[in-house]
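This is what each chain is made of:
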Amino acid sequence: MPKTGDEVQALAETFNEMIERLQRSFERMQQFISDASHELRTPLTVLKGEIELGLKTCPRSARCDILAACSSEISRMSRLVETLLFLSNTDAERVALDLKPIHLDRLMEDMAEETRIIAEPKRIRVELIDGAGAILHGDEMKLRRLLLNLSDNAVKYTPEGGRIILRSQSENGCAEIRVTDTGIGIEAQDLARIFDRFYRVDQSRSRAEGGYGLGLAICKWIAEAHGGSIHVESSPGKGSTFSVRLPVA
Ligand SMILES: Nc1ncnc2c1ncn2[C@@H]1O[C@H](COP(=O)(O)OP(=O)(O)O)[C@@H](O)[C@H]1O
Ligand SMILES: [Mg+2]
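Residues numbered from 1 in each chain as written. Chains lettered and ligands numbered in written order. Predicted model: local features only at pLDDT ≥ 70, side-chain atom pairs only at ≥ 80, totals over all residues. Heavy atoms only, no water.

Draft legend 1. View of the pattern of salt bridges. Taken as a whole and judged by the stated rule, the model has 17 salt bridges. Here Arg197 and Asp91 are joined by a salt bridge, their closest N and O atoms 2.8 Å apart. Taken together, the residues Arg197 in the loop between helix H5 (188-191) and helix H6 (203-208) and Asp91 in helix H2 (residues 63-91) connect sequence positions 106 residues apart. Accessibility expressed as a relative area gives 27% for Arg197, which makes it partly exposed. Glu176 serves as the salt-bridge partner of Arg178, at 3.6 Å between the closest nitrogen and oxygen. Connected through salt bridges with shared partners, the residues Asp110, Glu114, Glu140 and Arg144 form a single ionic network. (Salt bridge = Lys/Arg side-chain N within 4 Å of Asp/Glu carboxyl O. Helix = DSSP H or I, 4+ residues; strand = E, 2+ residues; numbered from the N terminus. Buried < 20%, exposed > 50% of the residue type's maximum accessible area, 1.4 Å probe, protein only.)

Draft legend 2. Inspection of the state of the cysteines at higher detail. Per the counting criterion, the structure on display carries zero disulfides. Note on Cys70: no disulfide assigned, nearest cysteine sulfur contributed by Cys58 at a separation of 11 Å. Sulfur of Cys219: no disulfide; nearest cysteine sulfur belongs to Cys174 and is 17 Å away. (Disulfide = S-S within 2.5 Å.)

Draft legend 3. Representation of the nonpolar core in the model. With 46 residues, the main nonpolar core has Leu146 and Leu150 as its most contacted residues. There are two domains that each give this core at least three residues, and those are domain 1 (5-91) and domain 2 (100-247). Contacts of Leu146, omitting those with residues within four sequence positions, involve Cys219, Ile222, Ala223 and Val244. (Core = buried A, V, L, I, M, F, W, Y, C linked by side-chain atoms within 4.5 Å. Domains from an automatic or database assignment. Contact = heavy atoms within 4.5 Å.)

Draft legend 4. Just the sheet that holds strand S6 (residues 229-235), in detail. Across the sheet, which stays open at both edges, the five strands sit in the order S2-S4-S5-S7-S6 with mixed pairing between neighbours. Lying at the two open borders of the sheet, with one neighbouring strand each, are strand S2 (125-129) and S6. Within the sheet, the average angular offset between the axes of one strand and its neighbour, ignoring direction, is 15 degrees. Taken together, the eight bridges between strand S4 (residues 163-171) and strand S5 (residues 174-181) define a ladder with antiparallel strand orientation. Considered in S5, the bridge of Ile164 is made with Asp181. Along the sheet, helix H3 (residues 104-119) makes contact with S2, S4 and S5, crossing S4 at roughly 170 degrees. (Pairing = 2+ DSSP bridges. Axes fitted to C-alpha atoms, helices over the stretch in contact; angles between N-to-C directions.)

Draft legend 5. Spatial organisation of the site of ligand 1. By nearness alone, 21 residues border ligand 1, and Lys156, Tyr157, Ser206, Gly213 and Leu216 come closest of all. The side chain of Tyr157 places a nitrogen or oxygen atom 2.8 Å from an oxygen atom of ligand 1. Here Gly213 contributes a backbone N or O atom positioned 2.8 Å from an oxygen atom of ligand 1. Taken by itself ligand 1 offers 530 Å² of open surface, and the protein chains cover 97% of this. Broken down by secondary-structure element, the contributors of at least two residues to the shell around ligand 1 are helix H4 (140-156), helix H7 (215-225) and strand S7 (239-247). The element that contributes the greatest number of residues to the shell around ligand 1 is H4, accounting for three residues. When the residues that make up the shell around ligand 1 are grouped by side-chain class, the tally is eleven nonpolar, seven polar and three charged. (Near = heavy atom within 4 Å. Polar contact = N/O pair within 3.5 Å; in protein donor to acceptor, adjacent residues only side chain to side chain. Areas by Shrake-Rupley, 256 points an atom, 1.4 Å probe, with all protein chains shown as cover. Nonpolar A, V, L, I, M, F, W, Y, C, P; charged D, E, K, R; others polar.)

Honestly, that's just the spatial picture; any functional story needs more than this.
Put into structure tokens, the structure is as follows:
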């Protein structure tokens, strides 16, 4: 059946949109691979340098320090590779959620305890504000990972002696978890980008703290995979609040 001019035009437009979408996703993939390769190359260069120098110059007895430095770089790389694998599995839609009922209050108590442990060396006070006893239908391991990423950031980006507040509430079939800190905050121009893979406001600071700028990308994926969302509000110099919304069971 011959097509009319309009139909051919519509078909051509759909086809062009499809090509543009493919092009954009290909560019994103190329950027991801290039960022990931770059991040892996840096610790590999450090390792190679340390080992070669050690073998050339150090007596056998002094090689322990070098081995310790190598071991810590290797741990960093292993963490990065595990994270990259997780993200690439999410891209390929190979990550399934293991959904079970979760007591939100209990989850928050555990998270507060874990946050206290990482906050203690910086003398950061961690407060937990009681929730409303909601039951979530979620993947507990992944939700813990999400919350721990937020706590980890709150501790990393809050100066000594600060405060972190963990709060949860539920209303209208939705649970909301909030992680508030009294840290350095985030400038408005960076807010939209911090959920992007490898985006860090201050590369050197994040790197020194052991970060790669992938934590929030994972948080976003986990929240959205649950049919929820994640948001941030922040005032530079005062602090930030990350809110996660999740449907309740
Ligand atoms: N609580 C926070 N306070 C200030 N800045 C933050 C906070 N959480 C995240 N950020 C900013 O967002 C960036 C991305 O966070 P993330 O993906 O977890 O990466 P990473 O922790 O590895 O640096 C961080 O590098 C930092 O600049
Ligand atoms: Mg992080």
